[in-house]
Every structure is written in C-alpha cells, then in structure tokens.
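Survey of secondary and tertiary structure
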Amino acid sequence: SVRILARHHFSSALGRMSTVAEVCARGGADRAPETRCLVKGSPEAVRPLLAPGSVPAWFDATYRGLAERGMRVLALASKAAPAEASAWPRAQVEE
C-alpha cells in the first residue's frame, strides 16, 4: 500500500512533480513501512536530479526514440528517505 505524506504539485516551470510517500510492501505486514521521495516529470527535468552514475545506459536513446515517434514520455525516480521527509521543502525532496 502507498500513503501520500506530502505532495508538491506539478510545476510547468520545473517540468515535474514530487511526493513523499509511506510504502508498505505487498504481503509485508511484518515489515515497517518505508518512506520514499518520488519524482515524475519529463526526462529532461528528471535526469539532472539523478545521482551520478545512476542513469541507465539506455535512458537517453530510449526517451528520444519514443518522443521522435510522437509519444509522450515521462520519467520516474525515487529514493529512500527518513520519516521526517514529509516536512522537507520541495528542493530537498527532489535533490
């Protein structure tokens, strides 16, 4: 299950939105929920937020190829975070 703790709505200037969510693994009743920062947006907006060395080798060619075929392309990124991340400002959630 997923419970949204904080939401930073889509910004056309930034080309992305983000949330802080509490995620419980399916069938994980015995495991504590995990807090995650999640970002969704254009590949051009999300790519600079990714940790160095974490961009898959296929990332650029794949999104460009899909876009050239007229498809709308969204990129997703996530990171583990402490429970207090729900109080973080947008810049900290997305860094």
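Right, let's walk through the structure included here. For every chain, the first residue of the written sequence is number 1, and numbering continues from 1 along that sequence. Side-chain atom pairs in this predicted model are given and counted only at pLDDT of 80 or more, local residue features only at pLDDT of at least 70, and totals for whole chains, interfaces and linings cover all residues. Heavy atoms from the whole structure form the basis of all side-chain values; hydrogens and water molecules are not counted.

1. Looking at the pattern of salt bridges
What counts is decided by this rule: Counted as salt bridges are all cases of a side-chain nitrogen of Lys or Arg within 4 Å of a carboxyl oxygen of Asp or Glu. Under the DSSP-based scheme used, a helix requires at least four consecutive residues in state H or I and a strand at least two consecutive residues in state E, with every element numbered from the N terminus. Summary of the burial criterion: residues with accessible area below 20% of their type's maximum are buried, those above 50% are exposed, and those between are partly exposed, where the area comes from a 1.4 Å probe applied to protein chains only.
Counting across every chain of the model gives five salt bridges. Arg3 is the salt-bridge partner of Glu22, the closest N and O atoms lying 3.3 Å from each other. Here the residue Glu22 occupies a position in strand 2 (residues 16-23), and Arg3 occupies one in strand 1 (residues 2-11), the gap between them amounting to 19 residues. Its salt-bridge partner being Arg36, residue Glu34 comes within 2.9 Å of it at the nearest N-O pair. The exposure class of Glu34 is partly exposed, given its relative accessible area of 35%. Overlapping salt bridges bring together Arg16, Arg90 and Glu94 as one network.

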